[in-house]
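Here is how the chains run, residue by residue.
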Amino acid sequence: MHASISIEPLLSRSPEETRAYGERLGARLQPGDVVALHGDLGAGKTQLVKGICAAWGIDEAVVSSPTFALVQEYAGRSFPVYHFDAYRIQQQSEFFEMGYETYFFGDGVCLVEWPERIASLLPAHTIRLQIDHVDETTRRIAGGGPA
């Protein structure tokens, strides 16, 4: 697991640019890394996840937001990728009960959409990304995001 990864900011003007950025980031991730993806609906979080997964040989066609399943598991070339969507979490206990520690402290990379819903459960080593709408087609991606 990385102590920290420096996040280069990006102004993305298309879903393809967002996915390419995700692929570059994904190539730097290691098992044990947890990435919190902060951003409004439609900001491009899932596009970023598609790019991250592509770095590990996961077909972007199988990557979708796990809004109803809570977690999607993808088999990467070297390790699993766990894609969480905490949007529908009403209480952190729901996430706790699913055994989140097995994922967050396990053998794969965890990508968490809507991490503010489970903020107190995120490990200290979480990599935080903020994706903001600039206009209809442009997004700003930068390190940081709410604690």
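Going by the structure above, here's the rest.
Residues numbered from 1 in each chain as written. Predicted model: local features only at pLDDT ≥ 70, side-chain atom pairs only at ≥ 80, totals over all residues. Heavy atoms only, no water.

## Side note on the nonpolar core
Operational definition: Among buried residues, the Ala, Val, Leu, Ile, Met, Phe, Trp, Tyr and Cys ones that are joined through side-chain atoms within 4.5 Å form a nonpolar core. In this scheme, a residue with accessible area under 20% of its type's maximum is buried, one over 50% is exposed, and one in between is partly exposed, where area comes from a 1.4 Å probe on protein chains only. Each helix corresponds to a stretch of at least 4 residues labelled H or I by DSSP, and each strand to a stretch of at least 2 residues labelled E; elements are numbered beginning at the N terminus. Between two residues, a contact is recorded if the distance between any of their heavy atoms is within 4.5 Å.
Judged by nonpolar contacts, the single largest core of 26 residues is most densely connected at L29, L48, C53, L111 and L129. Looking at this core, the elements with two or more residues in it are helix 1 (15–26), strand 2 (34–39), helix 2 (45–54), strand 5 (109–113) and strand 6 (127–133). Ranked by the residues each element gives to this core, the list is headed by helix 2, at four residues. Excluding anything up to four places from it in sequence, C53 contacts I58, V63, Y74, V81 and L111. Counting 18 residues, the second-largest nonpolar core is a separate cluster that includes Y100, Y103, F104 and L122.

## Here we look at the sheet that holds strand 4 (residues 80–85)
This is how the line gets drawn: Strand pairing is assigned whenever DSSP detects at least two bridges linking the two strands. To get an axis, a line is fitted to the C-alpha atoms, and for a helix only the part in contact is used. The angle between two axes follows their N-to-C directions and goes from 0 to 180 degrees.
What the seven strands build is an open sheet, ordered 1-7-6-2-5-4-3; its pairing is mixed. Looking at the sheet topology across the chains shown, the edges are occupied by strand 1 (10–12) and strand 3 (71–75). Adjacent strand axes in the sheet meet at a mean angle of 20 degrees when their direction is disregarded. Relative to strand 7 (residues 139–143), strand 6 is paired through five bridges, and the arrangement is antiparallel. Following the sheet pairing, H133 is matched in strand 7 by R139. This element, helix 1, spans strand 1, strand 6 and strand 7 of the sheet and lies at about 145 degrees to strand 1. Along the sheet face, helix 2 touches strand 2, strand 3, strand 4, strand 5, strand 6 and strand 7 and points at about 170 degrees away from the line of strand 5.

## Concerning helix 2
Burial within helix 2 is extensive, with eight of its ten residues counted as buried. What helix 2 keeps buried is the set K45, T46, L48, V49, K50, G51, I52 and C53.

## Section: the packing of aromatic side chains
Aromatic ring pairs are described here by two measures, namely the spacing of the ring centres and the angle between the planes. The test is simple: Aromatic pairs are defined between Phe, Tyr and Trp rings, using the six-membered ring for Trp, whenever the two ring centres lie within 6.5 Å; interplanar angles under 30 degrees are classed as stacked, those over 60 as edge-to-face, and all others as tilted. The criterion is that NZ of a Lys, or CZ of an Arg, lies within 6 Å of the ring centre and within 35 degrees of the ring normal, and then a charge sits over that ring.
Counted by the stated rule, this structure contains nine aromatic pairs. A ring pair is formed by Y100 and F104, whose centres lie 5.4 Å apart and whose planes are at 75 degrees; its orientation type is edge-to-face. Within this pair, Y100 and its partner F104 are both found in helix 4 (residues 100–104), separated by four residues, close to a single helical turn. When its relative accessible area of 9% is taken as the criterion, Y100 is described as buried. What makes F104 buried here is its relative accessible area of 1%. Taken together, the aromatic side chains of Y82, F84, F95, Y100, Y103 and F104 make up a single cluster linked through ring pairs. Directly above the aromatic system of Y87 lies the positively charged group of R117, at a separation of 4.9 Å from the ring centroid.

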